[in-house]
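# Remarks on the overall topology
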Amino acid sequence: MKIVASVQSKRGSSRGLVHYIAHSKLDAVREPQSSRELFNAFADDLSVKSANNSMRVGIAKGRPSNEELHHLVLSFRDDDFQKLGADEARRRRSLKEITRAAMKSLETATNAERLLWTAAVHRNTENPHVHIAIQKRYLTKEIERQILTKIPRETLPHYEIRNGEKILVHGHLIDAAAEKMEAIMDRERTRDKVPKRSDSQAVSQEHFRSGTECEPTERSSIRISAEREALAKGILAEYELRRIETRIDSLLDSGHEMRFTVTDPVTGRKRRLSLREIQKQDARNETNQPTPAERQIKTILHKMLAKEEAAKNKVQNDFSDVIREARRIRSEYKKSGRQLPAPSLSKEELDTLQQQCLDGSDIRRFSYLERIRTDLVRLGDIGPRSREDLRSILGQKNISELRSRLHDKTHREQSEKGYYLRFDIGERSVSLADLDREQKARDGSVFSFLGKLKTAASQLSKNRKPPTQANRADHLRNEIAEKLAEQLAIIMKDGKVEQSKVKILASILNGNPESDLGHGSYSPEQMVEMEKLSVRLKLKNDYENNWKEQRSMIESAGSDSMAYRKLLKADPTTHFTEHKYRIVAGRALAREIVARVEFDKAIDHLKVFQDAKRFQKFGIPDQRSGSVSYLSLQDVDPRGRGSLLDRAVGELFESREHQRLRRTVTGLVEDKERRLKGDVMAAKDIRVTASRSASEFKEFSYFGLRSQTAYQPIFTSSEIAMLELRASNTHSAKEAERLRSIVDSADGSLRSFSDLLGDFQSPKQAISEVKGIDTPKPDKSNDDRYKRDLDRSAVSPRHESSLEGHSR
């Protein structure tokens with residue numbers, strides 16, 4: 001038995017080391033034609049993209065560069081390789097086990113919590129070997145960042161002086177690999193000595209596989225029960241791992257939009273800000289160094305990411321065997337054509353897993369879990385959904401319906417604004433309207449005549465080169481059109497996902513005997529989202545009902561609530577009833593202020609549109625060519641231009657195509673004006689409702705004038721951002737001053753309202769142990785923090801209006 005471990009020099013592949021390991025010098029006979037199978041410590045059959053993503057560190061978005069990776073190779077003798085299994089597939093699996101054992105020893109030698117690596121088995125030489133890419137950066141078991149500048153000497157073959165003699169030491173890598181290889185060879189030798197089944201056993205097994213009913217033996221019942229338990233444990237571990245990976249992806253993709261309480265570099269006050277908002281303020285010093293707030297947020301993000309990575313490593317380390325066993329059982333049942341037994345999940349576990357799928361918009365897995373639930377109910381292992389469960393599903397369905405409507409509205413608004421939307425193209429932020437204005441300025445300049453002569457001369461010459469300026473403008477137009485189409489496609493896709501949720505949740509409700517469920521049941525986070533959706537969609541009834549539910553939750557809280565315990569700890573002299581009254585009053589006052597701002601915004605939108613509706617351009621698609629032309633009433637309506645004679649002649653000789661365009665644009669203008677007027681009326685209704693709710697907490701003088709209220713408004717972080725944006729954009733100096741005063745008086749360090757509301761929720765019995773798997777318990781404070789931090793402040797990079805908690 002001989003194993004060789006060697007560190008390779010850097011490869012010059014422009015597509016990265018992982019791509020090189022997967023695709024370089026493929027053997028047409030002994031290796032796959034397209035790509036080798038990539039694997040790591042916990043997963044097989046990875047794609048190049050997945051493997052690169054698994055080795056990303058921190059908040060980096062690109063694949064790791066060759067300089068960030070070590071390249072290690074483990075080589076084996078061919079005769080040893082042949083003893084690792086009866087066929088090629090089994091021998092390759094054995095090499096994976098050996099590689100994992102060797103890398104585990106490297107982690108121990110470096111005191112790493114986990115090393116990030118990816119490997120592939122190569123069969124393109126006489127000696128089978130494994131190429132391994134190892135990320136240099138890692139976390140120690142004390143959660144400290146380290147860089148593996150080189151593979152430690154004690155892990156590789158090296159010479160040592162022992163008792164005055166120079167001897168060759170194999171190193172930890174080879175020792176661990178050799179030990180694992182010997183164990184696998186012993187296992188294979190034992191497997192070969194197992195006697196073959198008799199003909200009667202073979203017939204019985206074939207009879208069972210064919211699905212023929214037979215009397216179940218005690219042994220088969222025990223085996224099926226064990227498989228059900230293993231499947232349940234595997235599902236729980238896989239879903240916990242997927243939940244953590246989703247959070248890591250959210251940190252990597254949206255970390256710059258999460259808000260944290262830091263010192264505002266402009267005002268010097270404590271506020272909840274994101275990296276994006278700080279960078280928009282352009283408040284860096286003369287040396288262009290990051291502000292203290294930026295450094296603080298980046299440090300927080302790194303710590304959050306390290307914590308999630310540590311949790312992921314723990315799940316992978318503790319439950320890799322569990323996941324592998326569940327996959328083996330599924331594979332065996334699939335190969336034999338048998339129906340997989342229902343995993344032994346409890347009702348509470350199914351509820352948690354299905355809610356996780358809904359939060360992640362994973363409809364396929366939700367449907368799979370629903371089939372498992374149906375089987376378990378039929379077997380009597382769990383009970384059917386209760387009335388409260390169905391009310392929660394109804395609440396989730398209502399939220400998905402409103403999300404779908406908001407996506408439709410956002411898609412329509414973005415389509416109408418497409419001509420004016422700015423996109424980042426290179427170093428510019430530009431819109432189609434900007435390009436047209438630039439083109440018009442060039443055409444009207446004193447140099448335009450000379451430019452036209454130059455263009456004509458170049459077209460008549462033999463070397464016909466198109467004008468560079470026109471090429472650049474066309475290129476920008478194409479890029480803007482592509483980005484707009486991509487943005488609209490994403491909004492439409494998200495809307496279809498919500499429609500799928502509505503459909504599957506409706507089928508669950510229709511399949512249950514409970515007919516009158518009343519109103520849906522909502523969690524604190526869902527209540528806050530329902531309020532946002534009802535305000536954005538201008539739905540008075542939903543807005544009013546949502547306030548009743550929020551107030552009822554706060555007022556019905558008792559001494560067993562978290563809010564009572566926190567108040568008792570902070571100030572034992574304060575009466576709990578007074579505390580609840582103050583929270584209700586603060587929220588009612590904040591809702592009134594927000595409703596008033598929304599009403600003012602609706603009026604402004606209508607007025608701006610009415611003043612310039614003849615000049616607003618709408619996208620008119622050409623069904624034959626597929627292109628989009630942007631036209632306004634000024635472009636297609638001859639009645640708005642020239643003298644009366646010119647208008648009459650224009651209408652007389654107007655072509656049929658022009659008439660169609662004019663009717664289309666006129667219809668779009670009238671439809672938008674009608675919708676904006678409807679928004680004003682709906683916003684007014686919501687403002688009246690909010691004022692009526694807030695009036696209870698205000699005092700009136702004898703002359704009917706309101707006096708200053710004694711309660712502090714309680715805003716959500718997104719509402720604070722909206723008030724700031726309104727103060728910056730309004731043309732009314734009086735309104736801007738009033739809003740800035742409100743924002744300045746608001747406590748920017750307050751917790752999110754969903755957290756605050758959650759303290760008044762009735763406590764529920766928590767499940768401390770799940771099917772014998774001690775998976776890392778989710779940190780509730782982090783869950784809430786992520787949900788509120790991912791809430792966009794003003795304009796989402798995907799579209800102008802975003803949904804709280806829906807980006808994940």
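It should be noted that the structure appears before, not after, this text.
### Brief notes about the pattern of salt bridges
Within the structure shown, the criterion is met by 60 salt bridges. Each of K347, D351, E370, R373, R385 and D389 takes part in a single network of salt bridges with overlapping partners.

### Concerning the sheet that holds strand 3 (residues 69-76)
Taken in spatial order, the five strands of this open sheet run 1-3-6-5-2, and their pairing is antiparallel. Either end of the sheet is taken by a strand with one partner, and the two such strands are strand 1 (3-7) and strand 2 (38-39). As judged from the two bridges shared by strand 2 and strand 5 (residues 117-122), these two strands associate in the antiparallel manner. The partner of F39 across the bridge, within strand 5, is A119. Across the face of the sheet, helix 4 (residues 88-110) comes into contact with strand 2, strand 3, strand 5 and strand 6 (129-135) while running at roughly 145° to strand 5.

### Some details on the packing of aromatic side chains
Following the criterion strictly, the structure yields seven aromatic pairs and no others. An angle of 90° between the planes, with centres 6.0 Å apart, marks the rings of F39 and W117 as edge-to-face. Taken together, the residues span a long stretch of sequence, with F39 in strand 2 and W117 in strand 5 at a distance of 78 residues. Here the two residues F39 and W117 agree in accessibility, since each one is buried. Ring plane angle 40° and centroid distance 5.4 Å describe the contact between Y419 and Y630, whose orientation is recorded as tilted. In this pair, Y419 is assigned in the loop between helix 12 (387-416) and strand 13 (423-425) and Y630 in strand 16 (residues 628-631), connecting sequence segments 211 residues apart. Accessibility classification places Y419 together with Y630 in one group, the buried group. A connected cluster of aromatic rings, assembled from ring pairs, spans Y419, Y420 and Y630.

### Some words on the side chain of T689
In this fold, T689 is placed in helix 22 (residues 656-695). Apart from residues no more than four positions distant in its own chain, T689 is found in contact with K540, Y543 and E544.

Rules and cut-offs
In this convention, every chain numbers its residues from 1, walking through the sequence in written order. Local features are withheld for residues below a pLDDT of 70 in this predicted model, meaning they are given only at 70 or higher, and side-chain atom pairs are given and counted only at 80 or more; totals for whole chains, interfaces and linings count all residues. By convention in this description, side-chain values take in all heavy atoms of the structure and omit both hydrogens and water. We define a salt bridge as a side-chain nitrogen of Lys or Arg found within 4 Å of a carboxyl oxygen belonging to Asp or Glu. In this scheme, strands are said to pair when DSSP sees at least two bridges between them. In this description a helix means any DSSP run of H or I spanning at least four residues, a strand means any run of E spanning at least two, and both kinds are numbered starting from the N terminus. Here, two residues are considered to be in contact whenever any of their heavy atoms come within 4.5 Å of each other. Only the stretch in contact is used when fitting a helix axis, every axis being a line fitted to C-alpha atoms; angles between N-to-C directions are given from 0 to 180 degrees. Each Phe, Tyr or Trp ring (for Trp, its six-membered ring) is paired with any other whose centre lies within 6.5 Å, and the angle between the two planes then decides the class: stacked below 30 degrees, edge-to-face above 60, tilted in between. Burial here depends on accessible area, computed with a 1.4 Å probe over protein chains only, as a share of the maximum for the residue type. Under 20% is buried, over 50% is exposed, and the range in between is partly exposed.

By themselves, these observations are geometric and do not establish any function.
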